[in-house]
Each structure stands twice: as structure tokens, then as C-alpha cells.
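Residue-level structure breakdown
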Amino acid sequence: MNIGIFDSGIGGSTVLKEIVKILPNEDYIYYSDSKNNPYGDKNDTEIIEICDNIVSMLIDRNCKVIVIACNTASAKAVDFLRKKYSNLPIIAIEPAYKMVHDYANDKETLVMATRGTIESEKFQILFHKYDNEKTVLLPCIGLANLIEKDEKEQIKKYLKENLLQYKNRVENVVLGCTHYPLVKNEIKEILGNVTFFDGAPKLAQHLKYVLEENGLLENNNGKIEFIDSQNSKEKKERFFEILEQR
Ligand code: DGL
């Protein structure tokens with residue numbers, strides 16, 4: 001059987017990369033929903049419908065567990081999906097704000113995420129639970145889309161315009177969208193030597209634990225099948241390039 005994983009494009013490759021490190025002998029189906037990118041500005045009903053269709057398709061393709069490798073989709077759709085597909089483990093990513101609380105709570109923190117994630121009830125609950133009162137929440141409208149399209153110059157310009165004001169003011173940066181680890185170097189160019197917090201490694205450990213607990217671990221070939229909702233060859237190449245680079 002497979003592990004099904006999806007995002008609004010290739011951003012979730014940053015999550016899959018962490019998963020494969022500790023579960024190299026599982027088979028994977030990665031669904032890149034580039035047709036519906038960005039998710040960040042869609043309303044809850046739209047996101048729930050999109051995710052419902054993807055999960056149902058992944059189940060038809062013999063998936064034993066689903067990983068939502070998208071903070072926005074996790075924040076808005078996971079409760080619905082867990083209720084509807086109650087027999088299936090569904091693992092969801094969230095911005096690593098609790099990690100800041102656990103490891104660097106005394107430091108000025110910038111949370112970068114989509115507007116959808118930051119405004120979601122799920123994130124607001126997490127934020128208020130662990131608020132260190134030295135945190136700026138920054139909805140990065142349009143950034144995931146630029147990364148998805150690999151618009152290098154535009155990304156640099158966007159980051160400069162939106163992040164420069166935080167230079168020397170923040171030490172922690174929460175990468176609250178799975179596309180953002182792909183531009184860590186560009187963020188460092190603006191903010192200097194900040195510490196990044198990314199939820200993917202913890203998610204990978206949790207996934208392994210859930211598979212163990214449910215007797216679902218397998219010893220397969222580590223095959224990764226990539227499907228893009230626009231059938232984009234270019235996305236496929238970029239996806240495997242990212243996985244290989246890391
Ligand atoms: N990569 C996604 C996330 O983690 C979604 C980005 C988008 O489609 O807006 O939030």
C-alpha cells in the first residue's frame with residue numbers, strides 16, 4: 001500500500017523529503033494540485049471540497065494513510081476529513097510555533113504563513129496557547145504562488161519589500177507554509193542568520209509512530225509516484241530535483 005501526500009503544488013516536497021529520510025522503505029503517491037494553487041486565498045468551503053476530492057482519489061489508489069503537506073489545507077480541512085474518513089489515519093502539518101515555545105521562547109519571532117493559515121481558527125488557538133508576546137504574524141500573500149512558479153527575481157523583490165523591516169529585530173522565523181523552506185537562503189539574505197522552525201521533521205516522526213501503532217509499516221521499494229493536477233512535466237522535473245538536492 002501507499003502513503004498519500006498532497007499540497008497545492010510542489011511545496012510539500014519539503015515535507016516528503018523529511019518523511020523519506022526516516023521511512024525510506026515505504027511507497028508514496030505525491031499529488032501536486034498546481035491547478036488550484038494558491039490555496040492560501042481560498043475560502044474554507046472551497047478548500048474542504050478540493051481536499052475531499054484529493055483524499056478520495058488517493059484512497060482509490062490504495063493509500064493506507066494521508067499526509068496533508070500544506071498548512072493551509074490542514075488548518076481548514078483536517079477536521080472535516082478526519083470525520084468523513086474516520087478509518088484512515090490523516091496526518092496534518094501545522095506551523096512550528098510550539099517548537100518556538102519549547103526551544104527559543106525568549107526570542108523575537110516572525111511567523112510567515114499564508115493568510116488562510118494565519119486567519120484560521122486552528123492556528124489562532126495554537127498561537128494564543130503559546131504566544132511569547134514577542135511574535136509578529138506575517139501573512140505572506142502571493143509568496144507561495146511565486147515559489148510555485150519559480151519566479152526567482154520576483155521572490156527576491158517580494159522578500160526584500162516584506163521582510164527588510166524585520167532585519168535585526170527577529171531571531172526566529174517560523175516557516176508556516178510548506179513552500180517557504182525552498183527560499184530559506186533568500187530569506188537569510190534579507191534577515192541574516194535567523195533560526196528557522198519548520199514542522200516537517202516532527203510530522204515525519206509522528207507519521208512513523210502512527211504507522212507503527214497501527215501495524216501499517218511496510219518494507220517496500222521506496223517508490224515515489226508524482227501526479228500533478230495539470231499534468232505538468234516541468235513540475236514533475238522540479239519536484240524530483242528538489243527531492244534529490246536534499
Ligand atoms: N504550501 C501550502 C501551505 O503550506 C499552500 C500554499 C498556497 O497554496 O497558498 O500553506
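Higher on the page you've got the structure.
Every value quoted in this text rests on a predicted model; they were computed, and no experiment measured them.

What counts as what
Residues numbered from 1 in each chain as written. Predicted model: local features only at pLDDT ≥ 70, side-chain atom pairs only at ≥ 80, totals over all residues. Heavy atoms only, no water. Buried < 20%, exposed > 50% of the residue type's maximum accessible area, 1.4 Å probe, protein only. Helix = DSSP H or I, 4+ residues; strand = E, 2+ residues; numbered from the N terminus. Pairing = 2+ DSSP bridges. Near = heavy atom within 4 Å. Polar contact = N/O pair within 3.5 Å; in protein donor to acceptor, adjacent residues only side chain to side chain. Areas by Shrake-Rupley, 256 points an atom, 1.4 Å probe, with all protein chains shown as cover. Nonpolar A, V, L, I, M, F, W, Y, C, P; charged D, E, K, R; others polar. Core = buried A, V, L, I, M, F, W, Y, C linked by side-chain atoms within 4.5 Å. Contact = heavy atoms within 4.5 Å. Axes fitted to C-alpha atoms, helices over the stretch in contact; angles between N-to-C directions.

Extensive coverage of strand S2 (residues 27–32) is indicated by the burial of 6 of its 6 residues. Burial along S2 is two-sided: the face carrying Asp27, Ile29 and Tyr31 and the face carrying Tyr28, Tyr30 and Ser32 are both buried. By the bridge criterion, 6 bridges tie strand S1 (residues 2–7) to S2 in an arrangement that is parallel. Along S2, the bridge assignment pairs Ile3 with Tyr28. With 5 bridges joining them, S2 and strand S9 (residues 224–228) adopt parallel strand pairing. Pairing of Ile29 across the sheet is with Glu225, part of S9.

To continue, consider the site of the ligand. What surrounds the ligand is a group of 14 residues, the closest being Ser8, Tyr39, Gly40, Thr72 and His179. Contact distances for the ligand include 3.1 Å between a nitrogen atom and a side-chain N or O atom of Asp7. Surface burial for the ligand is 99%, taken as the share of its 300 Å² of free accessible area covered by protein chains. Among the residues making up the shell around the ligand, the classes are represented as 5 nonpolar, 8 polar and 1 charged.

A few words on the nonpolar core. Counting 49 residues, the largest nonpolar core has Ile19, Met112 and Leu159 as the members making the most contacts within it. The biggest single contributor to this core is helix H10 (residues 200–213), with 6 residues. When sequence neighbours within four positions are dropped, the list of residues in contact with Ile19 reads Ile5, Tyr28, Val67, Leu203, Ala204 and Leu207. With 22 residues, the next largest nonpolar core counts Ile66, Val78, Leu81 and Tyr85 among its residues.

A few words on the pairing of strand S5 (residues 109–113). Counting buried positions along S5 gives 5 out of 5 residues, so the element sits mostly inside the fold. Neither face of S5 is left uncovered, since the one carrying Thr109, Val111 and Ala113 and the one carrying Leu110 and Met112 both have all their residues buried. In terms of strand pairing, S5 meets strand S7 (residues 172–175) through 4 bridges, oriented parallel. Within S7, the position partnered with Leu110 by the bridge is Val173.

What follows covers the sheet that holds strand S3 (residues 63–68). Spatially, 5 strands are ordered S4-S3-S1-S2-S9 in an open sheet, and the strand pairing comes out parallel. Of all the strands in the sheet, just strand S4 (90–92) and S9 have a single pairing partner and so form its edges. This sheet shows a mean twist of 20° between the axes of neighbouring strands, independent of strand direction. Of the pairings in the sheet, the one linking S1 to S3 comprises 5 bridges and is parallel in character. Of the residues in S3, the one forming a bridge with Asn2 is Cys63. Sitting on the sheet, helix H3 (residues 71–84) is in contact with S1, S3 and S4, with an inclination near 160° to S4. Running at roughly 140° to S9, helix H11 (residues 233–245) makes contact with S2 and S9 of the sheet.

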